[in-house]
Structures are given as structure tokens and as C-alpha cells.
Amino acid sequence: GAVVSQHPSWVICKSGTSVKIECRSLDFQATTMFWYRQFPKQSLMLMATSNEGSKATYEQGVEKDKFLINHASLTLSTLTVTSAHPEDSSFYICSARPPGERDTEAFFGQGTRLTVV
Amino acid sequence: ILNVEQSPQSLHVQEGDSTNFTCSFPSSNFYALHWYRWETAKSPEALFVMTLNGDEKKKGRISATLNTKEGYSYLYIKGSQPEDSATYLCASSKYSSASKIIFGSGTRLSIRP
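Small disclaimer: the values here were computed from a predicted structure and weren't measured.

1. Considerations on the overall build of chain A
Now for step 1: Within chain A, the secondary structure is distributed over 0 helices and 11 strands.
Now for step 2: Reading the helices (α) and strands (β) of chain A from amino to carboxyl end gives β-β-β-β-β-β-β-β-β-β-β.
Now for step 3: Here chain A has a C-alpha radius of gyration of 14 Å; the compact-globule value for 117 residues is 13 Å, and the two agree.
Now for step 4: Along the three orthogonal principal directions, the C-alpha set of chain A runs to about 45 × 30 × 25 Å.
Now for step 5: A buried classification covers 51% of the 117 residues belonging to chain A.
Now for step 6: Within chain A, residue pairs in contact and separated by at least 24 positions form 52% of the contacts whose partners lie at least 6 positions apart.
Now for step 7: Put simply, chain A shows about 5800 Å² of open surface, and 50% of that area lies on carbon and sulfur atoms.

2. Side note on the side chain of Ser80 of chain B
Now for step 1: For Ser80 of chain B, the location among the structural elements is in the loop between strand S8 (72-77) and strand S9 (86-94).
Now for step 2: Sequence-distant contacts of Ser80 of chain B, that is, excluding residues within four places in its chain, are made with Val13, Gln14, Glu15, Gly16, Asp17, Ser18, Thr19, Arg61 and Ile111 of chain B.

3. A few points about the interface of chain A and chain B
Now for step 1: The interface of chain A with chain B comprises 20 residues on the first partner and 25 residues on the second.
Now for step 2: Buried area between chain A and chain B, summed over both chains or domains, comes out near 1800 Å², and the portion from carbon and sulfur atoms is 59%.
Now for step 3: When the buried surface of chain A facing chain B is broken down by residue, Arg97, Arg102 and Phe108 of chain A rank first, second and third, together holding 33% of it.
Now for step 4: Across the contact surface, chain A and chain B share 2 salt bridges.
Now for step 5: A salt bridge links Asp103 of chain A to Lys57 of chain B, with the nearest nitrogen and oxygen atoms 3.8 Å apart.
Now for step 6: Where chain A touches chain B, the interface holds 7 residue pairs in polar contact (both at pLDDT 80 or more).
Now for step 7: Here the side of chain A that touches chain B takes 4 residues from strand S4 (residues 32-38) of chain A, the largest share from any one element.
Now for step 8: Residue composition of the side of chain A that touches chain B, grouped by class: 8 nonpolar, 7 polar and 5 charged.

4. Details of the sheet that holds strand S8 (residues 76-81) of chain A
Residues and elements named next belong to chain A.
Now for step 1: Ordered in space as S1-S3-S8-S7, the 4 strands form an open sheet in which the pairing is antiparallel. Only two strands of the sheet have a single neighbouring strand rather than two, namely strand S1 (4-7) and strand S7 (67-73). Each adjacent strand pair in this sheet contributes to an overall mean axis angle of 15°, direction not counted.
Now for step 2: Of the strand pairs in this sheet, S1 and strand S3 (residues 19-25) are connected by 4 bridges, and their pairing is antiparallel. By the bridge assignment, Gln6 is partnered in S3 with Cys23.

5. With respect to the environment of Cys90 of chain B
All names here are of chain B.
Now for step 1: Its location among the elements puts Cys90 in strand S9.
Now for step 2: C-alpha of Cys90 to C-alpha of Thr68: the two residues are 22 residues apart in sequence and 14 Å apart in space.
Now for step 3: With near-sequence residues (within four places) excluded, Cys90 lies in contact with Val4, Gln6, Cys23, Leu33, His34, Trp35, Ile102, Phe103 and Gly104.

6. Focus on the side chain of Glu59 of chain A
Now for step 1: Mapped onto the secondary structure, Glu59 of chain A falls in the loop between strand S6 (57-58) and S7.
Now for step 2: Discounting chain neighbours no more than four positions away, the residues touching Glu59 of chain A are Leu46, Met47 and Ala48 of chain A together with Lys100 of chain B.

7. What about the state of the cysteines?
All names here are of chain A.
Now for step 1: Tallied over the entire structure, the rule returns 2 disulfides over all chains.
Now for step 2: Residue pairing for Cys23: its cysteine sulfur links by disulfide to Cys94, the two sulfurs lying 2.0 Å apart. Residues Cys23 and Cys94 are joined through a disulfide that is right-handed, its torsion about the S-S bond being 85°. Of the two residues, Cys23 sits in strand S3 while Cys94 sits in strand S9 (residues 90-96), which places them 71 residues apart along the sequence.
Now for step 3: For Cys23, a relative accessible area of 0% gives the class buried.

Rules behind the numbers
- Residues numbered from 1 in each chain as written.
- Chains lettered and ligands numbered in written order.
- Predicted model: local features only at pLDDT ≥ 70, side-chain atom pairs only at ≥ 80, totals over all residues.
- Heavy atoms only, no water.
- Helix = DSSP H or I, 4+ residues; strand = E, 2+ residues; numbered from the N terminus.
- Rg over C-alpha atoms; globule rule 2.2 N^0.38 Å.
- Buried < 20%, exposed > 50% of the residue type's maximum accessible area, 1.4 Å probe, protein only.
- Contact = heavy atoms within 4.5 Å.
- Areas by Shrake-Rupley, 256 points an atom, 1.4 Å probe, with all protein chains shown as cover.
- Buried area = accessible area lost by both parts, 1.4 Å probe.
- Salt bridge = Lys/Arg side-chain N within 4 Å of Asp/Glu carboxyl O.
- Polar contact = N/O pair within 3.5 Å; in protein donor to acceptor, adjacent residues only side chain to side chain.
- Nonpolar A, V, L, I, M, F, W, Y, C, P; charged D, E, K, R; others polar.
- Pairing = 2+ DSSP bridges.
- Axes fitted to C-alpha atoms, helices over the stretch in contact; angles between N-to-C directions.
- Disulfide = S-S within 2.5 Å.

Here it is, written out as C-alpha cells:
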């Protein structure tokens, strides 16, 4: 199956600093990638849709200036948590779907556990 | 239905028993319905992606059905095994393959030996 790689798998940062998370599709081109966040004991909440060559589409309630998304190539999307605070500590995961049929599944990165201290 | 909803939230099943859980999703502008299994410390993995009303898919002991007109899908596990313990996520997308995939809250399944 297709492979999506996410890096880093975990990161600890100081409050006020910025953290960049990378999501790569290793064996297919993805014009669209999705960023999710998981709150404790909850499911995956869609934060934004990353669009190659254009602005990301953010879900309601997600601060676009706080969570910067860049999709500069067909295989790489980045999520930057700017001026991180402890409340941004969470599990972030990306996904992408290879181009193809309507029943094509989505593939997920390994996820990133962010801890802001 | 505005969101993807799953029930029950958690389930404890004796090894060997069969079980099933439900996913409800918005039926308007339906494109595809996904089921994923998410094991601890791993990435979610797709079980099924279903698009046709009345469709039924099977993978080993796991099967799923789809009703797009009323907006629900069932996932069945026959003869549960300890390795089936995981969170099962349902997700829905609308319009096209580039559309966002919205997940339900998941059903956490635990199999008792």
C-alpha cells in the first residue's frame, strides 16, 4: 500500500516557540493532504485541508495564524504550530489519499505527539 | 445528521463472540464511507471504503454494510479474537475524492480472553 511519513513522531518544546511537523507522501503525489488533531479520549478532529500550490482550508474554530500549513510540493505538507502554549499539547496526524478510484482509502502518517512545557 | 456518529463508544466482548457497531453519516451529497482500525501506537489502517448503496464488503472475519439513502453503516466482527482489540473509526466524505474526510468518535473494542 501507499506510504505516508510524518516527522517527528514526538517533540517537546518550550512555551512560546514554534514547532514544524512534516508530512510526506513517499510513493504517490498528493494534491490534497489532511491534518487532524486528537484530543484526550476523543477521535480525530479535522483541522485543515492542505492544498498544493494554494492556501489551506481551515475548519471552523481553527486559528490559521496559529497553525500554519504549507503544501509546497506534491509530496510534502507542513504544519507549523506557532508560539506554542501548553494547551497546544496534543497528538497531530496527517493523511493523504492517492489519486484513483472513488473507493481509494486514505493513508496516515505515524502521528506527532507534541508536548509544550 | 450533520456529523458522523458512532455507537457504542466502547465495547467489551468475550473472545469468540461476534459483535457489531454502527456509524451514522450525512446522506446528502454522499461520496464515500470509510472504516479504519486504529491500534495503540500505530497509524489508522483502512478496512473498507464503500461507495454504493447496499454494498457489503468482507475481509476475513470482518464485514461491513452500507445504506447511503438513510445514512448508516454497520461493521460486523465474527468470532472476536484478542487481536481485534482496537478503536474502529468510521469516516465520511462528500462530493469528490479531494473532499475532506470527517471521522466519527470511534468505537473502542476490547476482547476478553
